[in-house]
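Commentary on secondary and tertiary structure
So you can see what is in the structure, the chains are spelled out below.
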Amino acid sequence: MQLKSLNKGRFSRYWQENNKLFESIIEQCIVEKKIVDEKTTLFHQGCKVDNLVVVYNGTISIRYQANNGRRFHLGTVDCDEHIFGEMEFFTDYLCQFDIIAEEALTVAIVSINKLYQSLLKYPQLALFFASAIAFDYQETLDIFLKRNLYSICYNIAFDMYQHHLNIQPVNHFQKNYLEAERFGTTDRVYRRAVNELINLDIIHKVAGKLAIKDIDNLKDFIEFKGKFAK
């Protein structure tokens, strides 16, 4: 979730009017600020979350590994005062994902004890967390549902269209095997799906990177839920 107020949702006006209050409360809960190196794991999947982490700016990646060895990468996120660990703070569950710094980052450590006391003192802060978590939940669930219910071809095409509209919350990886993990599949299956989209004249490669070749074909493909793909 983002510490900054969001310009959407039922409580957006309330957020904007009280943004300075929310930021000041979180600031009072910070016990340390530091720089972490590239590839530092901020949270390990399965660990107990003792503190929340604020990433002011920079890129992180989010990864899940199943017991059978398969991995799912949600992708990379360009942070702008993002908070991590907030879900586990409320549930007291173990961390669901690996959160990895993709570059050197300046982070702040938020004491869960201080945050707990602040929520009791300023109950309106709970509305802030509830709204932000709800947005993250629905966006993440939408990604998971599409990954599970539609073909790899459809998901790649839909992802490219989201980036074309500049509304995709997560970014691409440069390496094929990581992109395959982002779609919950293997490198071989991912490459086969890409080739199928190329054969349908929907996408092509420009300087080694995937690009939309025909936007109308792409929109038709998405509208028909990828039925043209095998």
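Below is a short write-up of the structure. Everything numeric here is computed off the predicted structure, so don't read it as measured data. The residue count restarts for each chain, going from 1 along the sequence in the order it is written. Only residues with pLDDT of at least 70 are given local features in this predicted model, and only at 80 or more are side-chain atom pairs given and counted; all residues enter the totals for whole chains, interfaces and linings. Only heavy atoms go into the side-chain values, all of them from the structure, while hydrogens and water stay out.

1. Overview of the overall build of the protein chain
Along its length, the protein chain carries nine helices and eight strands. Areas reported here follow the Shrake-Rupley algorithm with a probe of radius 1.4 Å; residue values treat only the protein chains shown as occluding. On the protein chain, roughly 13100 Å² of surface is accessible, and the fraction owed to carbon and sulfur atoms is 49%. Counting 28 positive and 29 negative side-chain charges, the protein chain places the centres of these two groups 3 Å from one another. Under the DSSP-based scheme used, a helix requires at least four consecutive residues in state H or I and a strand at least two consecutive residues in state E, with every element numbered from the N terminus. For the purpose of counting charges, residues Lys and Arg are taken to be positive, whereas Asp and Glu are taken to be negative. His and the chain ends are not included. Here the site of a charge means NZ on Lys, CZ on Arg, CG on Asp, or CD on Glu.

2. Here's the deal with the packing of aromatic side chains
Only the six-membered ring of Trp is used, alongside the rings of Phe and Tyr, when aromatic pairs are assigned; centres must lie within 6.5 Å, and planes under 30 degrees apart are stacked while those over 60 apart are edge-to-face, with the rest tilted. Tallying each qualifying case throughout the model produces eleven aromatic pairs. For the pair Phe-72 and Phe-144, a centre-to-centre distance of 5.1 Å together with 40° between the ring planes defines the contact as tilted. On the criterion of sequence distance, the pair formed by Phe-72 in strand 4 (residues 71-84) and Phe-144 in helix 5 (residues 124-149) is long-range, its members being 72 residues apart. Throughout, exposure labels follow a simple rule: accessible area from a 1.4 Å probe, protein chains only, divided by the maximum for the residue type, with under 20% read as buried, over 50% as exposed, and the rest as partly exposed. Take Phe-144: its relative accessible area is 25%, and that puts it in the partly exposed class. Judged by centre distance (4.5 Å) and plane angle (45°), the rings of Tyr-150 and Tyr-154 are tilted. By relative accessible area, which is 31% here, Tyr-150 ends up partly exposed. By relative accessible area, Tyr-154 is classed as buried at 3%. Think of it as a cone above the ring: NZ of Lys or CZ of Arg counts as a charge over the ring if it is within 6 Å of the ring centre and within 35 degrees of the ring normal. Positioned above the aromatic ring of Phe-158, the side-chain terminus of Lys-146 is 4.7 Å from the ring centre.

3. Remarks on the pattern of salt bridges
One speaks of a salt bridge when a side-chain nitrogen belonging to Lys or Arg is within 4 Å of a carboxyl oxygen belonging to Asp or Glu. In the structure shown here, the tally under the stated rule is eleven salt bridges. Through salt bridges with shared partners, a single network forms among Asp-159, Glu-179 and Arg-182.

4. Points about the packing of helix 2 (residues 19-29) against helix 4 (residues 112-121)
Across the interface, helix 2 lies against helix 4 with an axial gap of 8 Å and an inter-helix angle of 145°. Like other packed secondary-structure pairs, helix 2 and helix 4 cross with a definite hand, here right-handed. Each of Ile-25, Ile-26, Gln-28 and Cys-29 in helix 2 lies in contact with helix 4, whose residues at this interface are Lys-114, Leu-115 and Ser-118. The residue makeup of the contact of helix 2 with helix 4, split by class, is four nonpolar, two polar and one charged. All axes are obtained by fitting lines to C-alpha atoms, using only the stretch in contact for helices, and the reported angles, taken between N-to-C directions, cover 0 to 180 degrees. By definition, turning the near helix anticlockwise from the far helix through less than a right angle yields a left-handed crossing, and turning it clockwise yields a right-handed one. Contacts are assigned to residue pairs that have any heavy atoms within 4.5 Å of one another. Only Asp, Glu, Lys and Arg are considered charged in this grouping, and only Ala, Val, Leu, Ile, Met, Phe, Trp, Tyr, Cys and Pro are considered nonpolar; every other residue, Gly among them, is considered polar.

5. Overview of the pairing of strand 4
Strand 4 sits mainly inside the fold: eleven of its 14 residues count as buried. With twelve bridges joining them, strand 3 (residues 51-65) and strand 4 adopt antiparallel strand pairing. Considered in strand 4, the bridge of Gly-58 is made with Cys-79. We treat two strands as partners when DSSP finds at least two bridges between them.

6. Observations regarding the side chain of Glu-181
Structurally, the position occupied by Glu-181 is in helix 7 (residues 176-182). A relative accessible area of 12% means that Glu-181 is categorised as buried. Here a polar contact is taken to be a pair of N or O atoms separated by no more than 3.5 Å, where protein atoms must pair a possible hydrogen donor with a possible acceptor and residues adjacent in sequence count only if both atoms sit in side chains. Of the polar contacts made by the side chain of Glu-181, one reaches the side chain of His-73; its length is 2.8 Å. Once you skip the residues sitting within four places of it in the chain, Glu-181 turns out to touch Arg-71, Phe-72 and His-73.

Shape is all these values report; function is a separate question.
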